[in-house]
Structures are given as structure tokens and as C-alpha cells.
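# Close look at the chain arrangement
These are the residues of each chain, in order.
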Amino acid sequence: MAVLCAALSYTVSRLLTAPLVGLSKTSRAIASGDFSSRVPIRSGDEVGAVSQDFNDMAGQMEKTVLELHQAVERQERFVGSFAHEMKTPMTSLIGYAELLQSGTLTPAEQSEAAGYVYSESKRLSNLSRKLLELLVVKEQGLPLVEVSPGELIGALAVQLRPLLAQRRISVVCRCEPGRCLLEPDLTWSLLLNLADNAQKAMERGGELQFQADMLEDGVRVQVLDTGRGIPEEALAHLTEAFYRVDKARSRKQGGFGLGLALCQEIAALHHGSIRFENRSDVQGSCVTVELRGGRP
């Protein structure tokens, strides 16, 4: 009887402590860096409830760690890109300044060198202004006023048409009437940045189209072009600061890769979102922006 009771007691204790052993084993695995480890749940009692709560906590921890890793990677790319953007013009400025200081250049060469120093200095000034705009948009509050998106887009189209006509690009507007709450200057900047990116993608002419549809709590704006489209691997990185699909072409056109990052911040301040995709009907891309600041 003593042996039988001992065996029975051991078996019962093993059954009762097995979930705790599994919980301990999973805890050690997570502590060692295996955030995908989970506790097997074999019962619906209090121990099973604790195991489920532990798994939920581990899942949230894994998500947080992944987000932190992604944030660090974005920060490293930002620092590397910023250093590269600063290095190129600074190297040129130092080189041309040394040539001017040497006094060995002809008047024509001096004029050319001074012109290059001016253009690179202006480029650095534009870069600092863009970074300041991005910082201010992130930090400041956003007073919203009643605006007609259709009228705002129409005014922008009137301004763009003469300039884009020289590149054989037509501008079309299809806007639903209505009013919503927006910050006009920031919304104008958002639309202008999207139009600028679209026209850069249409090297041989095409059509730039604005569409605006009113929502219950704001407006949905789509900017469509008939350009070369967006590579699939670039779609997830377009709003990263300093990211450019074609680095050589973008630098030649004077871009820094900050415009779309600014657009994303403006959309976020309107409690909205921005999405990029390639068009399925024709060649080109479509940018969909939802600004959900409310309706009057």
C-alpha cells in the first residue's frame, strides 16, 4: 500500500506540475532570445488560463521587439543616408573653395566654380529646410478649418497646368463637391509633393489625374499618373526619409527623398493614411490619401 500510494502521489504531482514545468521551460527560452516560444495549453483550469495569459504576453513582447528592431534599422538607414547626402556637396564645396583660394583659375573658371559653390550651398539649404519642415509637422498641433478639397485641388491644377504642358503632361480633375476639416497649407504641400513625384515618373509626357471622394469623416484623394510605375520591392519603403527609387535620377532632378515622408506625416496629423500601388488598367501608379479630420 505504501508503494502504491507513493506511485500514485508521484503521478498526481507530475500531472499537476507538468504545466508549470512547461511554463518555466518557455520562460527560459524567451529569456535566451527565442521570442516565438509558447506554452502548450492542455487544460481549461486556472493553470491553463495562466498559460494563455503568458502566451498573450509573449506574443505582445515579440511584436514589440520586432518593431524596435525595425525602428533601429530605419534609424540606421536614415543616419547613413543623411551622412551621404551631406558628404557629397560638402566634398564638392571644399574642393571648389580650395581651387578659388589657389588663385590659379581663369576668370571663366572662377565664375564656373563660384556657380557650383552657390548651387551646392543652395542644395544644403534646401535639405535643412526639408528636414525642419518634417520636424515641425511631427511636433506641432494641427488646427483644422473647413475647406473644399475640390476647390483646393482645382487651384493646384490651375497652377500646375502651364508648367506641365511644357512636358506634354495634361492635368485632369474629378472631384466630388463637399467640404471637410483640413489644414489647407499642409494639404496643399501634400498634394504638391505627390504631383511632383508623379510628373518625375512621366518623362515622355502623359496624364496626371486628381480624384477626390468625400467620406463620412473626411475625404479620399487619389493621384494617378501614366508614368513608369513603382518597383514592387520599393512600395514598402517609399515614405522612409531619404529613400529614393532611382537614386541617380532623383538626385539629378534635385530630390532628397523627404517629400513622401512629409506626406505621410501630414496624413497622420489628419488621422488618415497614405497608400501606394501600381495601376492595373494602364501603366503608372496610384497614390491614395485618406484625410479623416472630420466633416463640418
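Residues numbered from 1 in each chain as written. Predicted model: local features only at pLDDT ≥ 70, side-chain atom pairs only at ≥ 80, totals over all residues. Heavy atoms only, no water.

## Points about the confidence of the model for the protein chain
Of all residues in the protein chain, 77% have pLDDT values of 70 or greater, and the mean over the chain is 79. Of all helices and strands in the protein chain, the one with the weakest mean pLDDT is helix α6 (residues 247–252) (48), whereas strand β5 (residues 218–224) scores best (94). (pLDDT = per-residue confidence, 0-100. Helix = DSSP H or I, 4+ residues; strand = E, 2+ residues; numbered from the N terminus.)

## A closer look at the packing of helix α4 (residues 149–165) against helix α5 (residues 184–200)
One can describe the packing of α4 onto α5 by two numbers: an axis separation of 11 Å at closest approach and a directional angle of 35°. Judged by the sense of rotation from one axis to the other, the crossing of α4 with α5 is right-handed. Between α4 and α5, the residues in contact are Leu152, Ile153, Ala155, Leu156, Gln159, Leu160 and Leu164 and Pro184, Thr187, Trp188, Leu191, Leu192, Ala195 and Gln199, respectively. (Axes fitted to C-alpha atoms, helices over the stretch in contact; angles between N-to-C directions. Left-handed = near helix turned anticlockwise from the far one by under 90°. Contact = heavy atoms within 4.5 Å.)

## Focus: α4
Over its 17 residues, α4 extends 23 Å from the first C-alpha to the last, a length consistent with the 24 Å expected when each residue adds 1.5 Å. Taking the largest bend as the criterion, α4 deviates by roughly 30°, centred on Gln159, and proline Pro162 comes between one and four positions later. Turning to α4, its buried residues are Pro149, Leu152, Ile153, Leu156, Ala157, Leu160 and Leu164. (Expected span 1.5 Å × (residues − 1). Bend = angle between axes of the 7 residues up to and from the residue. Buried < 20%, exposed > 50% of the residue type's maximum accessible area, 1.4 Å probe, protein only.)

## Here we look at the state of the cysteines
For the coordinates displayed, the defined rule picks out 0 disulfides. Looking at the unpaired Cys173, the closest cysteine sulfur is the one in Cys175, lying at 5.2 Å. For Cys173, a relative accessible area of 28% translates into the label partly exposed. (Disulfide = S-S within 2.5 Å.)

## Points about the nonpolar core
Residues Leu194, Leu208, Phe210, Val219 and Val289 are the most contacted members of the largest nonpolar core, which totals 37 residues. Excluding residues within four positions of it along the chain, Val289 makes contact with Leu190, Leu194, Val219, Arg220, Val221, Ala267, Ser273 and Ile274. In terms of nonpolar packing, the next biggest core, distinct from the first, is built from 5 residues, Leu23, Ile30, Phe54 and Ala58 among them. (Core = buried A, V, L, I, M, F, W, Y, C linked by side-chain atoms within 4.5 Å.)

## A closer look at unusual backbone geometry
One non-glycine residue, Arg168, lies in positive phi territory at about 60°. Looking at the element boundaries, Arg168 is found in the loop between α4 and β2 (169–175). Residue Arg168 is classed as exposed on the basis of its relative accessible area, which comes to 61%. If you check the backbone angles, His271 has positive phi at about 60° while not being a glycine. Mapping His271 onto the fold places it in the loop between α7 (259–269) and β6 (273–278).

## Digging into the environment of Leu291
Secondary-structure assignment places Leu291 in strand β7 (residues 285–291). Those residues in contact with Leu291 that sit more than four places away from it in its chain are Leu182, Thr187, Asp217, Gly218, Val219, Ala267 and His270.

## Quick notes on the pattern of salt bridges
Overall, the coordinates contain 7 salt bridges when judged by the stated rule. Where Glu62 meets Arg38, a salt bridge forms, and the shortest distance between an N and an O atom there is 2.8 Å. Here Glu62, found in helix α2 (residues 46–102), pairs with Arg38, found in the loop between α1 (2–31) and α2; they are 24 residues apart in sequence, far enough to count as distant. With a relative accessible area of 31%, Glu62 lands in the partly exposed category. In this structure Arg38 comes out as partly exposed when scored by relative accessible area, which is 31%. Among the ionic pairs, Glu146 bridges to Arg179, the shortest N-O distance being 2.9 Å. (Salt bridge = Lys/Arg side-chain N within 4 Å of Asp/Glu carboxyl O.)

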